[in-house]
Amino acid sequence: MTEIDGRPGRGSAKPVVAVFGAYGHTARFVTAELLERGWTPVLSGRDAVKLEAAAAAHPGVEWRIASVDDPASLDRAIAGTAAVINCAGPFGDTAPPLIEAALRAGIHYLDVTGETLVAMNTFDTYRDDPRVKEAGIVVAPVMAFYGALGDLLATVAMGDWPAADDISIAVALDSWHPTRGTVLAGQRRAGRRVVFSDHHLRVVAGDEPPPKGTWTFAEPFGTQDVVGQFSNADVVTVSRHLDTPRIDAFLNVAPLKDLGDPETKGPQAADADGRSAQVFLVEVVVRRGDERRRVAARGRDIYAITAPIVVEATERILTGRGRSTGVVTAGELFDAEDFLRSLPLDELSLDELPLGDG
């Protein structure tokens, strides 16, 4: 097997990027996005049958078997690449060994987890790890719909304010036919929620019911019943770099019925690219005294939009458009407005708007 050095400036016109868990639902979008940009993906995972089938959809793409229980196999899987994108859950099991492998190889690590507790653990474990600084790499967890999109919006909304009194992140979905990975992540969370108040992240036990209320979204949603303290990875990312004592996260109630449906069949393709018909809207309100700034992004399919988010992040890191190395969030690392404008969203509102009744 020929090894390719994917680091920019070392014999490769386009970077080579490893995709771990390459046969998963989101990973298929990630692979397609890399190929569309002319990059060379190397597919990896522990299931040889599924891995070969995923590679067969893209003739000529290399695949390598690897398991998080076998560090040597991970080293082989990412050899010659410039970065690894981890798409394999449960991320509590896959993130630590893959980050360690990235450190050994001196390459960048990104993942697409929406698991809030895993995101907290990654930041807490590696943010002050001197090996990350010495390696000069970026470790970027939750570079996905949850974790990155709200963080980028909040960063834009904060703008030139050094601090805010509170930040609210409201998500509306018209439906949610979750992947198996999403369902399992919810089961592992066991109802626990991560909340941010008084400048501190804390985990709330599942027997404490979340607050409920309403939020007035833009069209096509309008006023929706919502649950508060939604365990959203944006709470983790925003709290890492924006100065505010309180972050509230809301989700409309309607998709929760789908999320709890034991008969769910997962996302169903509605176009040639494999995207579902699901519509999402993310609104962020930043308040300072009597001043409020509201920004929003609307699009289709929370799993599909994750691919351009994580691949755009990878491209910016590899082409020197990241602001730093280390363990960072999207809002810290990139020009947030420019990044948002690069995404295939149906609508992006980054102007200051008067707050409605939400």
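A quick note: this is a predicted structure, and the numbers were derived from the prediction, not measured. (Residues numbered from 1 in each chain as written. Predicted model: local features only at pLDDT ≥ 70, side-chain atom pairs only at ≥ 80, totals over all residues. Heavy atoms only, no water.)

1. Let's talk about the nonpolar core
One finds Met-143 and Leu-149 to be the most contacted residues of the largest nonpolar core, which totals 79 residues. Looking at this core, the element that brings in the most residues is helix α7 (residues 145–158), giving 10 residues. When near neighbours in sequence (up to four residues on either side) are disregarded, Met-143 contacts Leu-110, Asp-111, Val-112, Ala-148, Thr-306, Ile-309, Val-310, Ala-313, Ala-330 and Phe-334. Membership of the second largest hydrophobic core comes to 28 residues, among which are Leu-74, Ile-78, Leu-98 and Tyr-126. (Core = buried A, V, L, I, M, F, W, Y, C linked by side-chain atoms within 4.5 Å. Buried < 20%, exposed > 50% of the residue type's maximum accessible area, 1.4 Å probe, protein only. Helix = DSSP H or I, 4+ residues; strand = E, 2+ residues; numbered from the N terminus. Contact = heavy atoms within 4.5 Å.)

2. Comments concerning the pattern of salt bridges
Applying the stated criterion across every chain, the model contains 22 salt bridges. Measuring nitrogen to oxygen at the nearest pair gives 3.0 Å for the salt bridge that ties Arg-240 to Asp-124. Of this pair, Arg-240 sits in helix α9 (residues 233–241) while Asp-124 sits in helix α5 (residues 116–126), and the two are 116 residues apart along the sequence. The class for Arg-240 is partly exposed, based on a relative accessible area of 23%. According to the relative accessible area criterion, Asp-124 is exposed, its value standing at 51%. Of the charged contacts, one joins Glu-332 and Arg-127 as a salt bridge, the two residues approaching to 2.5 Å between their closest N and O atoms. (Salt bridge = Lys/Arg side-chain N within 4 Å of Asp/Glu carboxyl O.)

3. Details of the environment of Asp-335
With respect to the helices and strands, the residue Asp-335 is situated in the loop between α12 (330–333) and α13 (336–342). Note: C-alpha distance between Asp-335 and Arg-104 (231 residues apart in sequence) is 29 Å. Sequence-distant contacts of Asp-335, defined by excluding residues within four places in its chain, comprise Arg-316 and Arg-323. At 3.3 Å, the side chain of Asp-335 forms a polar contact with the backbone nitrogen of Glu-337. (Polar contact = N/O pair within 3.5 Å; in protein donor to acceptor, adjacent residues only side chain to side chain.)

4. Notes on the confidence of the model for the chain
In the predicted model, the chain carries a mean pLDDT of 92, and 92% of its residues have values of at least 70. Ignoring residues within four places in sequence, the model shows residues 1–12, a span with pLDDT below 50, making 25 contacts including any to other chains. Low confidence marks residues 353–358, where pLDDT is under 50. Its contacts with residues over four positions away, or in another chain, come to 10 contacts. (pLDDT = per-residue confidence, 0-100.)

5. Quick word on the side chain of Ser-231
Inspection of the secondary structure assignment puts Ser-231 in the loop between β11 (223–227) and α9. Engagement of the side chain of Ser-231 in a polar contact is seen with the backbone nitrogen of Val-194, the distance being 3.3 Å.

6. A look at the side chain of Gln-278
Counting through the fold element by element, Gln-278 comes out in the loop between α10 (254–259) and β13 (279–288). Given a relative accessible area of 6%, Gln-278 falls into the buried group. A distance of 2.9 Å separates a polar atom in the side chain of Gln-278 from the backbone nitrogen of Ile-302. Leave out the neighbours within four places in its chain, and Gln-278 touches Leu-173, Asp-174, Ser-175, Trp-176, Gly-299, Arg-300, Asp-301 and Ile-302.

7. Concerning helix α1 (residues 25–36)
Taking 1.5 Å per residue, 12 residues should reach 16 Å; α1 reaches 17 Å between its end C-alpha atoms and fits that length. Those residues of α1 not exposed but buried are Thr-26, Ala-27, Phe-29, Val-30, Thr-31, Glu-33 and Leu-34. Residue Gly-38 follows α1 closely and has a positive phi angle near 80°. (Expected span 1.5 Å × (residues − 1).)

8. With respect to unusual backbone geometry
Look at the link from Gly-89 to Pro-90: it is a cis peptide, with omega at -5°. Tracing the backbone shows Pro-90 in the loop between β4 (83–86) and α4 (91–105). The amide bond that connects Glu-219 to the next residue, Pro-220, takes the cis arrangement and shows omega of 15°. For Pro-220, the position within the fold is in the loop between β10 (212–216) and β11. Phi angles above zero are rare outside glycine, and His-199 is one such case at about 70°. Within the secondary structure, His-199 is located in the loop between β8 (193–197) and β9 (200–204). In this model, Gln-229 sits at a positive phi of 50°, which is unusual for a non-glycine residue. Relative to the assigned elements, Gln-229 resides in the loop between β11 and α9. Residue class for Gln-229 comes out partly exposed when judged on its relative accessible area of 21%.

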